[in-house]
Amino acid sequence: MSAIAATAPQAASTSLVRGWLDRLRGPLIAIGVFLLCLGLVRWLSGGTLGYYELGTLAAGGATLAIAASGQTIVVLTGGFDLSAAAVISLVNVTLAGQMQDSPGSMLLWTLAGIGVGAATGAFNGLFIAGLRLQPIVVTLATMFILQGVTLLVMDKPGGQIPGSFAQALTGDAIPGLLPMPVLLLAALIGLWLALKNTLFGKALPALGSDREAARAAGLSVRLHEFFAYVLAGGLYGLAGVFITAQTGSGDPLVGNPMLLQMFAAVVLGGTVLGGGRGGIVGTIFGAYVLMLVVNILLVLDVPAFYSSVVEGLILVLAVLASSLARDSVLARTLRQGLARAAARRAGRLPRQLDLPPARIALPMHDPAIEHPAWWRRHAEALRNAVPAYLCFVAVLVVTQFVLGNTIVSWPYYDSLIVLGCFLAVLALGQGAVILTGGLDLSLPWTIGLSGILCAGLLSGSDAALVYAVPAVLALGALIGLVNGLGIVALGLSPIVMTLAMNGILQGAALVYSGGTPNGFASPALRWFMTAKIFGVTPVVPLVVLFAAGASILLGRTVFGRRIYAIGNGERPAELSGVPVKATLVKVYMLSGACAALVGIMLAGFSGQASLGMGDDYLLPSIAVVVVGGALITGGRGSYLGMLGGVLLLTALQTLLAGTTLPYATRAILYGVVVLGAVVALRERAH
């Protein structure tokens, strides 16, 4: 009896230690990897890693560490924030253009920078927590709005920051002993540890773990989620302040490379994507691990072009490592694959057995039964699609008054179709993905890499079209295949997988082109996209045929019906006999092939390829789908409606191009249109 009594406290103590280690596993691993990388950097640099070098490293990773800390707060609630990098850029150009060399001005604009971030977070929180919209769509739209505002503030690098401000944030807190960035991050960790013990701090992981349980426990879910985005936005603003002090000037693109890095740092620090577990302590060390890995590559003379490839791979591997368990998607996929292989060897697969046909005989068409008219059968689809066409007509009328010679002018419609053909193709791929409830963020650099590869293979030769076009389309399908397999076989979120793939493709495009794309479109491809035959551009009839084929594919085929079934619920679709995994892989392959086709068409339209040629098509590819009446959560929409969205946004773009409004307004407009459409569709959906 005494032995049992003595053993009980020991077992309880062991259980307590195990629980403590399980909760801190992520941060402890991040700290361990950080120390390992730091030791490797010291060894590669010849064993010299003094105070100056450590201070430089601390300053170099502080911006990412602060920004990723904000992202961690959002991820803990189960959300995503794609506007973080845009906040950093906006704060950077604002401070670089306004801050004066006086203590009052520096303090004022530091607070203003943090305030800009917090206001952006409040804007996101209003739509996400208040109107219950999807975080990914809201923050993506906000990202484009902020990018447009940033270009209005400063359209090219410039401005200047007082040297005293830079020294205050990046210099020494205690000369020769404590760098200021280390003190800043230590204060951030201290605030986080204090926040964790408050109701708000405990509510963050509770929201990510089980939102309904948190609501049942009496937590104000919407209020805590709203303030999570506000706090995260304030940290993005602080990151923008710090990078401004670090660079000493403004750059409207300074934050763009950080988006992928933020998610990688969050996952490396042990925070689970989807929410429920994690914290900013691990994230801070994860950010420095990422920075040290890039530095190690540079020391090893690996070209900087590979950095985005490495960051994308790190994100995928970190997510996989954090989700390894017996019940993970990867583990289930491996078990199912082994079981299927064993069944095949034993000859037990259904197609290997001589089974009688199991098809259900449906009753023949009875002419006596009255069927509703076509417009009644498709009433819902028409209700969702018609508004886009009505708005398109309204834009035509406005264009007629502003620019003239529009409504009865065939050249206007010809140029409208040519300019809209890229979005018409993307609408099929991105639209199919959205109908399944996913999102493809790898489109920009699938387009870019495809265009660069196409121009390089062609190099002005018409004969090369025979193999260049199929090769590029196959590349796009292969990219989609990898995306699809990562989602269905590895269990990665579509957002994470396609975002990581976009970074990998960016690095691949830079490596392939050496930073300067070579080659140019062949005369035949150029003719196809720009010539005129009796006033008609050759690509126009192809667009009409493509639109007809896309409408049939989504609306009249088994593949299309399976897409809608998956969007309305993967589990019910699976129980209904839909091959969910195979269909999802095909959907992402279709999206990749469509993006590759757009890369080919853009190369022909402009005559050559350029880096970042696909960047302008991500939000528009989502906008035309949403504006065309599709639900962003999947299951509802039609290509006919998406085509209406293409015509509307292209006509709107043409109208704006004919005015004196700056180019940046286009990005702002797209973001506003997407938010408005999502809000309107949400109201109709409920």
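Keep in mind that this is a model prediction, so the values were computed, not measured. All residue numbers refer to position in the chain's written sequence, counted from 1. In keeping with the model being predicted, local features are shown solely for residues with a pLDDT of at least 70 and side-chain atom pairs are shown and tallied solely at 80 or more, while totals for entire chains, interfaces and linings include all residues. Processing note: side-chain calculations cover all non-hydrogen atoms of the structure and skip hydrogens and water entirely.

1. Some remarks on the overall build of the protein chain
At step 1: Counting from the N terminus, the helices are the DSSP runs of H or I reaching at least four residues and the strands are the DSSP runs of E reaching at least two. Helices and strands together make up the secondary structure of the protein chain, namely 29 helices and two strands.
At step 2: Per-residue burial over the protein chain gives 49% buried out of 686 residues. Exposure is judged per residue with a 1.4 Å probe applied to protein chains only, and the accessible area is read against the type maximum: over 50% gives exposed, under 20% gives buried, and values in between give partly exposed.

2. A short note on empty space enclosed by the protein
At step 1: Whether a set of points on the 1 Å grid over the protein atoms alone is a cavity depends on a 1.4 Å probe fitting there but being unable to get out, while an open set qualifies as a pocket with protein on both sides within 12 Å along at least five of seven lines; lining residues are those with an atom within 4 Å of a point. Grid points are joined across faces, edges and corners, and a volume is the space filled by probe spheres set on the points. Within the structure shown, the criterion is met by one cavity of 30 Å³ or more.
At step 2: Volume-wise, the largest cavity comes out at about 30 Å³.
At step 3: In this structure, the largest cavity is lined by Leu649, Leu652, Gln653, Leu656, Arg666, Leu669 and Tyr670.
At step 4: Of all elements in the fold, only helix 28 (639-657) and helix 29 (664-685) reach the threshold of two or more residues within the lining of the largest cavity.
At step 5: The leading source of residues in the lining of the largest cavity is helix 28, at four residues.
At step 6: When the residues that make up the lining of the largest cavity are grouped by side-chain class, the tally is five nonpolar, one polar and one charged. Under the scheme applied, nonpolar residues are Ala, Val, Leu, Ile, Met, Phe, Trp, Tyr, Cys and Pro; charged residues are Asp, Glu, Lys and Arg; polar residues are all the others, including Gly.

3. Details of the packing of helix 3 (residues 51-76) against helix 13 (residues 280-299)
At step 1: Helix axes are fitted only over the stretch in contact, all axes being lines through C-alpha atoms; the angle between N-to-C directions runs from 0 to 180 degrees. With their axes 8 Å apart at the nearest point, helix 3 and helix 13 run at an angle of 135° to one another. Of the possible angle classes, the one that applies to helix 3 and helix 13 is oblique. Helix 3 and helix 13 meet at a crossing whose hand is right-handed. Between helix 3 and helix 13, the contacting residues are Leu57, Ala58, Gly60, Gly61, Ala62, Leu64, Ala65, Ala68, Ser69 and Thr72 on the first element and Ile280, Thr283, Ile284, Ala287, Tyr288, Leu290, Met291, Leu292 and Asn295 on the second.
At step 2: In terms of residue class, the contact of helix 3 with helix 13 is made up of 13 nonpolar, six polar and no charged. Convention used here: angles under 35 degrees read as roughly parallel, angles over 145 as roughly antiparallel, angles from 65 to 115 as roughly perpendicular, and any remaining angle as oblique. By the definition used in this description, the sense in which the near helix is turned from the far one sets the handedness, with an anticlockwise turn below a right angle giving left-handed and a clockwise turn giving right-handed. Only heavy atoms matter for contacts: two residues are in contact if any of them lie within 4.5 Å across the pair.

4. Topic: the confidence of the model for the protein chain
At step 1: You can read pLDDT as the predictor saying how much it trusts each residue, on a scale of 0 to 100. Looking at the protein chain, pLDDT values average 84 and 89% of them are 70 or higher.
At step 2: For the protein chain, per-element mean pLDDT is lowest for helix 1 (residues 2-23), which scores 56, and highest for helix 26 (residues 580-606), which scores 94.

5. A short note on the packing of helix 18 (residues 410-435) against helix 27 (residues 618-627)
At step 1: Viewed as axis vectors pointing N to C, helix 18 and helix 27 meet at an angle of 70°, and their least axial separation amounts to 8 Å. The angle between helix 18 and helix 27 falls in the class roughly perpendicular. Facing helix 18, whose interface residues are Leu423, Leu426, Ala427, Gln430, Gly431 and Ile434, helix 27 presents Leu618, Pro620, Ser621, Ile622, Val624 and Val625.

6. Regarding the nonpolar core
At step 1: In these notes, a set of buried Ala, Val, Leu, Ile, Met, Phe, Trp, Tyr and Cys residues joined through side-chain atoms within 4.5 Å is what counts as a nonpolar core. Counting residues in each nonpolar core, the largest one holds 182 residues, and the members touching the most others are Tyr288, Leu315 and Tyr639.
At step 2: In this view, Tyr639 contacts Ala424, Ala427, Leu428, Phe546, Ala547, Ala550, Ser551 and Leu554; residues no more than four positions away in its chain are not counted.

7. Quick notes on the packing of aromatic side chains
At step 1: By convention, a stacked pair of Phe, Tyr or Trp rings (six-membered ring in the case of Trp) has centres within 6.5 Å and planes under 30 degrees apart, an edge-to-face pair has planes over 60 apart, and any other such pair is tilted. With the rule as written, the count across this model stands at eight aromatic pairs.
At step 2: Their ring planes at 75° and their centres at 6.3 Å tell us that Phe34 and Tyr288 sit as a pair that is edge-to-face. One end of the pair, Phe34, is in helix 2 (residues 25-44); the other, Tyr288, is in helix 13, and 254 residues separate them in sequence.
At step 3: Under the relative-accessibility criterion, Phe34 is labelled buried at 16%.
At step 4: Tyr288 sits in the buried class, given a relative accessible area of 9%.
At step 5: Taking the centre distance of 6.2 Å and the plane angle of 70° together, the rings of Phe422 and Tyr617 count as edge-to-face. In this pair, Phe422 sits in helix 18 while Tyr617 sits in the loop between helix 26 and helix 27, placing the two residues 195 residues apart along the sequence. Residue Phe422 shares its accessibility class with Tyr617, and that shared class is buried.
At step 6: By way of ring pairs, the aromatic residues Phe34, Phe285 and Tyr288 are connected into one cluster.

8. Description of helix 6 (residues 135-153)
Residues lying three or four places apart along an α-helix face the same way, a consequence of the helix completing one turn every 3.6 residues.
At step 1: Take the number of residues in a helix, subtract one, and multiply by 1.5 Å to get its expected span. Here helix 6 spans 26 Å end to end across 19 residues, near enough to the 27 Å set by a 1.5 Å rise per residue.
At step 2: Helix 6 sits mainly inside the fold: 14 of its 19 residues count as buried.

9. Side note on the pattern of salt bridges
At step 1: Take a side-chain nitrogen of Lys or Arg and a carboxyl oxygen of Asp or Glu: if they are within 4 Å of each other, that pair is a salt bridge. Under the counting rule described, the total for this entry stands at six salt bridges.
At step 2: Here Arg132 and Glu225 are joined by a salt bridge, their closest N and O atoms 2.8 Å apart. Residue Arg132 is located in the loop between helix 5 (103-130) and helix 6, and its partner Glu225 is located in helix 11 (residues 221-247); the two are separated by 93 residues in the primary sequence.
At step 3: Taking the relative accessible area as the measure of exposure, Glu225 reaches 3% and is therefore buried.
At step 4: Two residues, Asp155 and Lys156, come together in a salt bridge whose shortest N-O distance is 3.8 Å.
At step 5: Each of Arg132, Arg211 and Glu225 takes part in salt bridges that share partners, so that together they form one network.

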